[in-house]
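Coordinate inspection notes
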Amino acid sequence: MTTEQIVLAFRPKGMPTLSNFTFESIELPEIQSGQVLLKGWYYSVDPYMRGRMNDAKSYSPPFQLDKPIEGGVVAIVTESKSELYKKGDVVLGFLPWRQDMIVSEKDIHKIDTSLAPAGYYLGILGMPGLTAYFGIMHIGKPKATDTVVISGAAGAVGLVAGQIAKIQGCRVIGIAGSDEKVKVILEEFGFDGGINYKTEKNIQKAVAELCPNGVDIYFDNVGGEISDAVISNLNFHARVALCGQISLYNSTEGPVGPRIQPMLLTRSVLMQGFIVGNYQDQFPEAIKQLGQWTKSGKLRYTETIIHGFDQLPTALLGLFKGKNTGKMIVEV
Ligand code: NAP
């Protein structure tokens, strides 16, 4: 059968454009024993994919030129030569951007769509939800008296991180890129305060005003000047979970900023970078907890769903323009 795939045509310098991606028709071979044929249903777009477009050493290897982009995909089994899967099963895997794909039974696992909608396994019950959970619970170690600041607050990770901090009894302030997003975090997700970083002229002062007792936990999704402003408000024994630095992913110059080490030292601050995969052995218990909070209504969830396989590159680029509220996924 013939199917379509999206490959990386050339590596971007700075902000990628649609021209970095090429659509190709390919012929799939017959499926072999131990393999399944899948039809992609929901495709995840994630900021870390920008890093994989560079030819640089990181925690996940660069995408290869002229090979399909890969990412989290929820797919439906359309043909099976595996004893583990039958036609109609819904599976999750780290899979190529192809409309139809032949994969080994070892590269996927079944998801239970009676527990939650299929797309949730790319969001709140998947990598972003887990990232929020471990960053807040294991690095932030929240106490009910803590004030927590979340940057990238209206995104997939930020919305969950802020709500988990609220569940722990903290006061939570979010920073996001529009008045609409600030309204959403306050009115729909229970944050206690919000800052629109695109219109606020003095973010450092705005954080100080919203956090009169200082900042105990900073969950950093964005880096850059927003983080400089938050970090100057940290309390003694504050914890900083370095989750992402999206404001720097497309920059072509080395970042410059204040030297923060003296402040970290004199205020005994713990700043820790982390990759969600570091906590792999604890995923089952975290997914169970996230599922319980979701089911009980303590954790709310939202997605931005873009329709059509041909929209995948546009959706990925949209992350860097703030086009999403909650988790951005593409439904095919
Ligand atoms: P997301 O927040 O759903 O989407 C990205 C958001 O980033 C956009 O909606 C946009 O919101 C904001 N943004 C884009 N450019 C920005 C800029 N220059 N300055 C400030 N904000 C900007 O994405 P996500 O999946 O939840 O990921 C959030 C962060 O966590 C990313 O940095 C990502 O790399 C990181 N992450 C880390 C791990 C890990 O294991 N450490 C795992 C998952 C994600 P605004 O409208 O607010 O600008």
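Here, every reference points to the structure presented above.
To keep things clear, this report deals only with the structure shown in the data block. (Residues numbered from 1 in each chain as written. Predicted model: local features only at pLDDT ≥ 70, side-chain atom pairs only at ≥ 80, totals over all residues. Heavy atoms only, no water.)

**Comments concerning the site of the ligand**
Inspection of the region around the ligand gives 27 residues, with Val157, Lys181, Tyr197, Tyr249 and Asn324 positioned closest. Note that an oxygen atom of the ligand is positioned 2.8 Å from one of the backbone N or O atoms of Val276. When the ligand is considered free in solution it has 910 Å² of accessible area, and contact with the protein chains removes 92% of it. Contributing elements (two or more residues each) for the shell around the ligand: α2 (127–140) and α3 (156–167). Grouping the constituent residues of the shell around the ligand by class yields 16 nonpolar, 10 polar and 1 charged. Residue-level mapping places the shell around the ligand at the junction of two domains, with at least three residues from each of domain 1 (2–123 + 301–331) and domain 2 (127–277). (Near = heavy atom within 4 Å. Polar contact = N/O pair within 3.5 Å; in protein donor to acceptor, adjacent residues only side chain to side chain. Areas by Shrake-Rupley, 256 points an atom, 1.4 Å probe, with all protein chains shown as cover. Helix = DSSP H or I, 4+ residues; strand = E, 2+ residues; numbered from the N terminus. Nonpolar A, V, L, I, M, F, W, Y, C, P; charged D, E, K, R; others polar. Domains from an automatic or database assignment.)

**Observations concerning the pattern of salt bridges**
Applying the stated criterion across every chain, the model contains 10 salt bridges. With a shortest N-O distance of 2.7 Å, Asp100 and Lys39 are connected by a salt bridge. Linking Asp100 in strand β6 (residues 100–104) with Lys39 in strand β3 (residues 35–44), this pair joins segments that are 61 residues apart in sequence. Judged by its relative accessible area of 5%, Asp100 falls in the buried class. (Salt bridge = Lys/Arg side-chain N within 4 Å of Asp/Glu carboxyl O. Buried < 20%, exposed > 50% of the residue type's maximum accessible area, 1.4 Å probe, protein only.)

**Here's the deal with the packing of α2 against α3**
Describing two packed helices takes the angle between their axes plus the distance from one axis to the other. Contact geometry of α2 with α3 gives a least axis separation of 8 Å together with a crossing angle of 40 degrees. Comparing the axis directions of α2 and α3 gives the class oblique. Every pair of crossing elements has a handedness; the one defined by α2 and α3 is right-handed. Listed contacts from α3 to Pro128, Gly129, Thr131, Ala132, Tyr133, Ile136 and Met137 of α2 are Ala156, Val157, Val160, Ala161, Ile164 and Ala165. In terms of residue class, the contact of α2 with α3 is made up of 11 nonpolar, 2 polar and no charged. (Axes fitted to C-alpha atoms, helices over the stretch in contact; angles between N-to-C directions. Parallel < 35°, antiparallel > 145°, perpendicular 65-115°, else oblique. Left-handed = near helix turned anticlockwise from the far one by under 90°. Contact = heavy atoms within 4.5 Å.)

**A short note on helix α4 (residues 179–187)**
Looking only at α4, the buried set comprises Lys181, Val182, Val184 and Ile185. Angularly, the buried residues of α4 cover 160 degrees about the axis, an arc narrow enough to put them on a single face. Turned more than 90 degrees off the buried face of α4, the exposed positions are Asp179, Glu180 and Glu187. For α4, the elements touching its buried residues are α3, β9 (171–176) and β10 (193–196). (Arc of directions from axis to C-beta.)

**Points about the environment of Asn324**
Residue placement: Asn324 occurs in the loop between α9 (312–318) and β15 (327–331). Looking at Asn324, the relative accessible area reads 9%, which means it is buried.

**Side note on the packing of aromatic side chains**
Counting across every chain of the model gives 10 aromatic pairs. Measuring from centroid to centroid gives 5.6 Å for Tyr43 and Phe309, while their planes differ by 65 degrees, and the two rings are edge-to-face. Placement of Tyr43 in strand β3 and of Phe309 in the loop between β14 (303–307) and α9 is noted, with a sequence separation of 266 residues between them. By relative accessible area, which is 0% here, Tyr43 ends up buried. (Phe/Tyr/Trp six-rings, centres within 6.5 Å; stacked < 30°, edge-to-face > 60°.)

**A few points about the sheet that holds strand β8 (residues 147–151)**
Spatial ordering of the open sheet is given by β10-β9-β8-β11-β12-β13, a layout of 6 strands whose pairing is parallel. Each end of this open sheet is capped by a strand with a single partner; those strands are β10 and β13 (270–273). Between one strand axis and the next, the sheet turns through 15 degrees on average, direction left out of account. Here β8 runs beside β9; their pairing, made up of 5 bridges, is parallel. Bridge pairing in β9 places Val148 opposite Val172. Packed onto the sheet, α3 meets β8, β9 and β11 (215–220) and runs at close to 170 degrees relative to β8. (Pairing = 2+ DSSP bridges.)

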